[in-house]
Amino acid sequence: MQFKDIIGLTETKQQLIEMLEHNRLSHALLFLGSEGSGALPLALAFAQLIVSQPQPAPVVEDLFGGMTALEPTPAFIHPNEIQNHTAFQRAEQLIHPDLHFSYPVVSKKNGEKPTSKDFISEWRDFIKTFPYGNVYDWLQMIGAENKQGNITADECNDILRKLSLKSFESEYKVLLLWMPEYLKKEGNKLLKLIEEPPPNTVFILVAENDEQILPTILSRCQLIKIQKPTAKEIEEALLIKNNTNAETATQIAGICEGNYREALQLLQHAEEDWQSLLRDWLKAILREGPVAQVKFSEEISKMGREKQKQLLRYFTHLLEQSIRIRLLGADNIILTEKEKDFAQRLNKIANISQQENIIEELDKATYYIERNANSKILFQALSIKLFHIIQNKTFIEV
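Residues numbered from 1 in each chain as written. Predicted model: local features only at pLDDT ≥ 70, side-chain atom pairs only at ≥ 80, totals over all residues. Heavy atoms only, no water.

1. Focus on the state of the cysteines
- In total, this model carries zero disulfides according to the counting rule given.
- In this structure C221 is not part of a disulfide, and its nearest cysteine sulfur, from C156, lies 13 Å away.
- The buried category is assigned to C221, whose relative accessible area is 15%. (Disulfide = S-S within 2.5 Å. Buried < 20%, exposed > 50% of the residue type's maximum accessible area, 1.4 Å probe, protein only.)

Written as structure tokens, this is what we have:
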């Protein structure tokens, strides 16, 4: 993983480079960023950069009692020049002996006490396949099903053991701990190590929600806030990295709200005509009545959870753009012409207050879908709620 592979975050990347180059590296860093922001790939790229730096030249006593380096001190290797170095190539493959990982895991068998090293092969595959993935993606990859992931006391003991050893090749040894939110009271085992680590030991924690981290750990870390990529940065990434057509890239970048994971999820279903599906739903709500609503709910329940969430997010996106059109005018909104027309029609059937109420209900529905609610019942109830919010029978003709 290299800095150039990560979307946006130009200022943060430069901050990290200067921190390492000028020897201002804190012993404990917390990369804090929401899902899909790039916190994990950025932390990983930085960890790989750290362990790939050359060792300082050995120093010996000279004939006059002074200390002299046997050879010139190696220069700092910039991220733009690191790719061909052997140490970086091992770090990039996640096999460097001084780069360690910790992450939530699950027991494969009852009574088993798993640690991260038991899932290192899956972790390498996960980083290669889903660098912007979330903990749900990870737990599904390791076959967690309905099990709750955890960073256990045994994992903490293993961390203590690994970091008590001297580094093998690098000047530093680095532990990247992903999702410290899954550290419960067992995390207190790590407090002394984080506060007073062995020389040249670096902790890099990567989190999404600082309120769920043990305060005693949080207070010992230097915070690195990871901002969401802008819509323009995501659009460019979709165009360049995924060869997405311009119209689809613009649409997805507007919907995903700075979440690149969500953008990639949307891209998998880009062939879906969300606008037609939304039009059919509104037609059933506003004109055709309960029978059509039940039929729509049955059809949408067959589509799967991800598609259901994407329909709700697309509806939310258009409602938000409708409000912006009211406030800023249609010429100042970046939408395709079809979407702009649809958004303006939404303004004819609901005022701002109604639109905000609808968005709130859509957000609630998304939350329940993520928690495996019965989608048929959910969409039937949601259709009734939307009808009562709008309180009229205007039909959108597109």
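2. Some remarks on the pairing of strand β5 (residues 173–178)
- For β5, the tally of buried residues reaches six of six residues, placing the bulk of the element in the interior.
- Going residue by residue along β5, you find K173, L175 and L177 tucked away on one face and V174, L176 and W178 tucked away on the opposite face as well.
- Pairing analysis gives four bridges linking strand β4 (residues 99–102) to β5, with the strands arranged parallel. Within β5, the residue paired with H100 across the bridge is L175. (Helix = DSSP H or I, 4+ residues; strand = E, 2+ residues; numbered from the N terminus. Pairing = 2+ DSSP bridges.)

3. Regarding the side chain of Q275
- Looking at the secondary structure, you find Q275 in helix α12 (residues 274–288).
- Given a relative accessible area of 7%, Q275 falls into the buried group.
- At a separation of 3.4 Å, a polar atom in the side chain of Q275 contacts the side chain of Y314. (Polar contact = N/O pair within 3.5 Å; in protein donor to acceptor, adjacent residues only side chain to side chain.)

4. Focus on the packing of α12 against helix α14 (residues 305–328)
- Packing of α12 against α14 leaves a shortest axis separation of 10 Å and a crossing angle of 80 degrees. Classed by the angle they form, the pair α12 and α14 counts as roughly perpendicular. Contact residues: α12 offers W274, Q275, L277, L278, W281 and L282, while α14 offers K307, Q310, L311, L312, Y314, F315 and L318.
- In the contact of α12 with α14, the residues fall into ten nonpolar, two polar and one charged. (Axes fitted to C-alpha atoms, helices over the stretch in contact; angles between N-to-C directions. Parallel < 35°, antiparallel > 145°, perpendicular 65-115°, else oblique. Contact = heavy atoms within 4.5 Å. Nonpolar A, V, L, I, M, F, W, Y, C, P; charged D, E, K, R; others polar.)

5. Overview of the packing of aromatic side chains
- Taken as a whole, this structure holds 15 aromatic pairs when the rule is applied.
- Summarising the aromatic geometry, the rings of F101 and W123 are spaced 5.9 Å apart at their centres and angled 50 degrees between planes, so their arrangement reads as tilted. Highlighted residues: F101 in strand β4 and W123 in helix α4 (residues 120–129), separated in sequence by 22 residues. The residues F101 and W123 share a single accessibility class, namely buried.
- An angle of 75 degrees between the planes, with centres 5.1 Å apart, marks the rings of Y103 and W138 as edge-to-face. Taken as a pair, Y103 in the loop between β4 and α4 and W138 in helix α5 (residues 135–141) lie far apart in primary sequence, 35 residues in all. Both residues of the pair, Y103 and W138, belong to the buried class. (Phe/Tyr/Trp six-rings, centres within 6.5 Å; stacked < 30°, edge-to-face > 60°.)

6. Some remarks on helix α6 (residues 153–164)
- The terminal C-alpha atoms of α6, which comprises twelve residues, lie 17 Å apart, in line with the 16 Å expected from a rise of 1.5 Å per residue.
- Considered for burial, the residues of α6 that qualify are E155, C156, D158, I159, K162 and L163. All buried residues of α6 project into a common sector of 160 degrees when viewed along the axis, lining one side.
- Its buried side turned inward, α6 meets β4, β5, α7 (191–195) and β6 (201–207). (Expected span 1.5 Å × (residues − 1). Arc of directions from axis to C-beta.)

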